[in-house]
Amino acid sequence: MATHRSSRSGIGVSFRVLGSVVSLAVFLFLTVSLLFTAHPHSTTDTHGFSNVGYGLGSGRRSVLAMKSDPLKSRLDQIRKQADDHRSLAHAYASYARKLKLENSKLVRVFADLSRNYTDLINKPSYRALSESDSLSIDEATLRLFEKEVKERIKVTRQVIAEAKESFDNQLKIQKLKDTIFAVNEQLTKAKKQGAFSSLIAAKSIPKSLHCLAMRLMEERIAHPEKYNDEGKPPLPELEDPKLYHYAIFSDNVIAASVVVNSAVKNAKEPWKHVFHVVTDKMNLGAMQVMFKLKDYNGAHIEVKAVEDYKFLNSSYVPVLKQLESANLQKFYFENKLENATKDTTNMKFRNPKYLSILNHLRFYLPEMYPKLHRILFLDDDIVVQKDLTGLWKIDMDGKVNGAVETCFGSFHRYAQYMNFSHPLIKEKFNPKACAWAYGMNFFDLDAWRREKCTEEYHYWQNLNENRTLWKLGTLPPGLITFYSTTKPLDKSWHVLGLGYNPSISMDEIQSAAVVHFNGNMKPWLDIAMTQFKPLWTKHVDYELEFVQACNFGL
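Residues numbered from 1 in each chain as written. Predicted model: local features only at pLDDT ≥ 70, side-chain atom pairs only at ≥ 80, totals over all residues. Heavy atoms only, no water.

Scanning the protein for helices and strands turns up 22 helices and twelve strands. Looking at the protein as a whole, 42% of its 554 residues are labelled buried. Considering only residue pairs separated by 6 or more positions, the protein has 74% of its internal contacts joining residues 24 or more positions apart. Summing over all exposed atoms, the protein offers an accessible surface of approximately 31000 Å²; the carbon and sulfur share of this is 55%. (Helix = DSSP H or I, 4+ residues; strand = E, 2+ residues; numbered from the N terminus. Buried < 20%, exposed > 50% of the residue type's maximum accessible area, 1.4 Å probe, protein only. Contact = heavy atoms within 4.5 Å. Areas by Shrake-Rupley, 256 points an atom, 1.4 Å probe, with all protein chains shown as cover.)

Pasting the structure below:
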């Protein structure tokens with residue numbers, strides 16, 4: 001029994017000793033482990049670098065830190081950023097030189113930035129960072145290096161952002177588009193204002209022209225016996241169909257005289273030429289005096305008032321009835337910019353001359369001159385440069401109207417003058433038909449009477465009372481009236497555009513039989529084109545005392 005108890009007691013002692021040994025071993029293992037693997041207490045600064053303090057107050061780095069040094073990788077990253085931005089600044093400087101920018105200061109700024117990066121990296125204190133090993137990198141120096149690099153990067157990006165417009169083609173294109181759009185808006189506005197101003201100028205009567213009409217009228221009143229043809233039998237030449245007859249309808253004394261002067265000057269046999277001048281009652285006296293102040297080399301001149309043709313009344317002439325409309329008068333005389341420029345395409349028709357019956361007399365030539373077979377119609381803004389008798393030798397092929405065509409390409413075709421959305425217009429006319437010019441038109445009056453063109457004109461004019469078939473003016477109804485009865489003349493007979501087109505060549509003008517100042521820039525106005533004005537002024541009677549007294553042309 002004693003033996004058995006002592007055996008159990010020995011076993012118990014052995015287990016206790018073994019437990020003590022194991023506990024000691026674990027304690028020693030943990031202690032050694034703590035000595036070699038203790039984790040440092042670390043804090044991170046605002047720049048992302050770790051300030052590492054090692055266990056037991058040691059100032060040296062562990063083996064693990066040496067294998068993966070955050071300061072070294074951070075240094076490499078900072079140097080790479082500096083190099084990248086130095087290269088970027090250098091590239092912008094090179095590109096700026098290539099573009100030859102006017103702002104040479106910008107080129108210098110980029111060049112300086114590139115050099116600043118190089119100088120910074122090459123500073124001895126900072127160059128030592130890259131040459132040092134991982135154990136000797138000074139954190140304070142690294143922070144200072146990073147700060148200076150960041151400051152230069154900030155400046156570089158700011159300069160690039162400000163200079164982006166000079167280098168970014170897309171930005172340039174967009175800005176250019178915006179500028180073009182703004183300029184186009186200003187141009188459109190300026191065109192409307194210019195057209196409106198030109199319209200006002202075209203409506204105006206120059207002071208010198210008004211003066212001339214008044215002085216001529218004073219002469220007529222002072223000496224009625226010298227200029228009064230009432231009661232005298234008409235000259236037989238005025239109705240002689242064998243002579244060359246011209247029709248001129250105008251209320252402009254000086255303009256009508258220039259047409260007659262230029263035609264007579266270039267006529268080979270002036271005594272065979274007869275000029276039928278028709279004006280309104282107000283200008284009749286002045287016109288009578290003007291054409292009796294000088295001799296026209298034997299040419300015959302008849303001056304009459306439109307009121308002398310009794311058949312021209314509102315019961316017979318549709319346009320006279322329409323011209324009495326208050327709405328139509330308001331349209332013509334509306335001078336407010338915002339209203340007058342709504343329809344800029346047809347703004348040229350907003351002229352009071354279209355209210356005058358003088359502008360519509362051209363549709364009544366056969367009735368005004370019943371004994372004549374042929375007549376040449378001339379506007380008062382034309383100048384004759386050659387003898388025109390060749391027109392009477394042209395075979396008209398049974399046509400009524402001899403005129404120069406004005407279409408080229410898609411311009412000046414019927415579609416531009418009439419409303420082809422209207423079924424009547426669409427049914428009767430070809431929108432691509434070529435338009436022709438009013439201003440110098442040779443009319444076969446016998447063919448006119450045979451084709452009943454005046455009746456045709458009345459028919460269409462009545463349909464257009466509300467201006468639904470065409471806008472305004474006399475050309476659209478003329479194109480309609482003589483749609484299939486117009487014979488094209490050679491273009492050298494009639495050159496147009498001297499009142500609006502400055503690009504007409506002088507060779508074309510010099511070879512023309514007639515030049516036409518159609519447009520707002522009439523030769524008697526201050527807005528006339530100076531390169532063409534001498535063609536007209538050389539036929540003005542400056543030697544007449546009335547013209548001199550009014551300082552005309554000065």
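The subject of this paragraph is the sheet that holds strand β6 (residues 374-378). Sheet architecture is open: seven strands sit in the order β5-β4-β3-β6-β9-β8-β10, paired in mixed fashion. A single partner strand is all that each edge strand has here, and the edge strands are β5 (300-305) and β10 (486-489). Across the sheet, the mean angle separating the axes of adjacent strands is 25 degrees when strand polarity is ignored. Inspection of the sheet shows strand β3 (residues 244-249) paired to strand β4 (residues 273-279) by six bridges, in the parallel sense. Paired with Ala247 across the bridge in β4 is His276. Relative to β4, helix α10 (residues 253-266) is tilted by about 175 degrees, and along the sheet it contacts β3, β4, β5 and β6. Against the sheet, helix α11 (residues 281-290) touches β4 and β5, its axis set at about 155 degrees to β5. (Pairing = 2+ DSSP bridges. Axes fitted to C-alpha atoms, helices over the stretch in contact; angles between N-to-C directions.)

Here we come to the confidence of the model for the protein. In low-pLDDT segments, the atomic positions of the prediction should not be examined closely. For the protein, the mean per-residue pLDDT works out to 80, and 76% of the residues sit at or above 70. Contacts for the low-pLDDT stretch residues 1-22, under 50 throughout, to residues beyond four places or in other chains number zero contacts. In the model, residues 24-68 has pLDDT below 50 throughout and makes 38 contacts with residues more than four positions away in sequence or in other chains. (pLDDT = per-residue confidence, 0-100.)

Tracing the backbone through its elements, the reader meets Gln385 in the loop between β7 (382-384) and β8 (401-404). A polar side-chain atom of Gln385 sits 2.8 Å from the main-chain carbonyl oxygen of Ile509. A distance of 3.0 Å separates a polar side-chain atom of Gln385 from the backbone oxygen of Ala512. Not counting residues within four places of it along the chain, the set of residues in contact with Gln385 comprises Asn266, Ile509, Gln510, Ala512, Ala513, Val515 and Leu535. (Polar contact = N/O pair within 3.5 Å; in protein donor to acceptor, adjacent residues only side chain to side chain.)

So, about the environment of Asp229. Looking at the element boundaries, Asp229 is found in the loop between α9 (224-227) and β3. A residue is classified by how much of its surface remains accessible, and Asp229, at 36% relative accessible area, is partly exposed. A C-alpha to C-alpha distance of 9.6 Å links Asp229 and Val303, two positions 74 residues apart in sequence.

This paragraph deals with helix α8 (residues 207-222). Between its first and last C-alpha atoms α8 spans 22 Å; for 16 residues at 1.5 Å apiece the expected length is 22 Å, and the two agree. Every buried residue of α8 is listed here: Ser208, Leu209, Leu212, Ala213, Leu216, Glu219 and Arg220. Mapping the buried residues of α8 onto a view down its axis gives an arc of 140 degrees, with all of them on the same face. Facing away from the buried side of α8, by more than 90 degrees, are the exposed residues Lys207, Glu218 and Ile221. On its buried face, α8 is in contact with α9, α10, α11 and α22 (545-549). (Expected span 1.5 Å × (residues − 1). Arc of directions from axis to C-beta.)

Our next topic: the packing of α10 against α11. Across the interface, α10 lies against α11 with an axial gap of 10 Å and an inter-helix angle of 35 degrees. The handedness of the crossing between α10 and α11 is right-handed. The residues of α11 that touch α10, namely those facing Val253, Ile254, Ala256 and Ser257, are Ala286, Met287 and Met290. Taken together, the residues of the contact of α10 with α11 break down into six nonpolar, one polar and no charged. (Left-handed = near helix turned anticlockwise from the far one by under 90°. Nonpolar A, V, L, I, M, F, W, Y, C, P; charged D, E, K, R; others polar.)

Okay, the pairing of β6 next. A large share of β6 lies buried, amounting to four of its five residues. Examined bridge by bridge, β3 and β6 share three bridges and lie parallel to one another. Within the sheet, the bridge partner assigned to Ile248 lies in β6 and is Leu378. Bridge analysis of β6 against strand β9 (residues 440-444) gives five bridges, and the strand direction is antiparallel. Across the sheet, residue Leu376 finds its bridge partner in β9, namely Phe442.

Enumeration over the complete set of coordinates arrives at eleven salt bridges. Lys487 is paired through a salt bridge with Asp397; the nearest N and O atoms lie 2.8 Å apart. Here Lys487, found in strand β10, pairs with Asp397, found in the loop between β7 and β8; they are 90 residues apart in sequence, far enough to count as distant. Of the residues examined, Lys487 reaches a relative accessible area of 17% and is grouped as buried. (Salt bridge = Lys/Arg side-chain N within 4 Å of Asp/Glu carboxyl O.)

The next thing to look at is the packing of aromatic side chains. Enumeration over the complete set of coordinates arrives at 25 aromatic pairs. Centre to centre, the rings of Tyr309 and Phe311 are 6.4 Å apart; their planes meet at 80 degrees, and the pair counts as edge-to-face. Lying over the aromatic face of Tyr309, Lys304 brings its terminal NZ or CZ to 4.6 Å of the ring centre. In this arrangement the basic side chain of Arg362 is found over the ring face of Tyr438, its NZ or CZ atom lying 4.6 Å from the centre. (Phe/Tyr/Trp six-rings, centres within 6.5 Å; stacked < 30°, edge-to-face > 60°. Lys NZ or Arg CZ within 6 Å of the ring centre and 35° of its normal.)

Turning our attention to the state of the cysteines. In the structure shown here, the tally under the stated rule is two disulfides. What pairs with Cys211 in a disulfide is Cys550, and their sulfur atoms sit 2.0 Å apart. Because the sign of the S-S torsion sets the handedness, a value of about -75 degrees for the bond joining Cys211 and Cys550 places this disulfide among the left-handed ones. Highlighted residues: Cys211 in helix α8 and Cys550 in the segment after α22, separated in sequence by 339 residues. (Disulfide = S-S within 2.5 Å.)

So, about the environment of Leu361. In this fold, Leu361 is placed in the loop between α14 (337-340) and α15 (365-368). With relative accessibility at 0%, the residue Leu361 sits in the buried group. Between the alpha carbons of Leu361 and Val317 there is a distance of 9.9 Å; along the sequence they are 44 residues apart. The contact partners of Leu361, leaving out residues within four places of it in the chain, are Phe249, Val278, Val306, Leu312 and Met368.

Turning next to unusual backbone geometry. Phi is mostly negative for residues that are not glycine, and the peptide bonds are mostly trans. Of note, Asp397 is a non-glycine position whose phi angle comes to about 55 degrees, a positive value. Its identity is not glycine, yet Lys452 carries a phi of approximately 55 degrees, on the positive side. Along the chain, Lys452 turns up in the loop between α17 (445-451) and α18 (453-463). Relative accessible area serves as the criterion here: at 52%, Lys452 is assigned to the exposed category.

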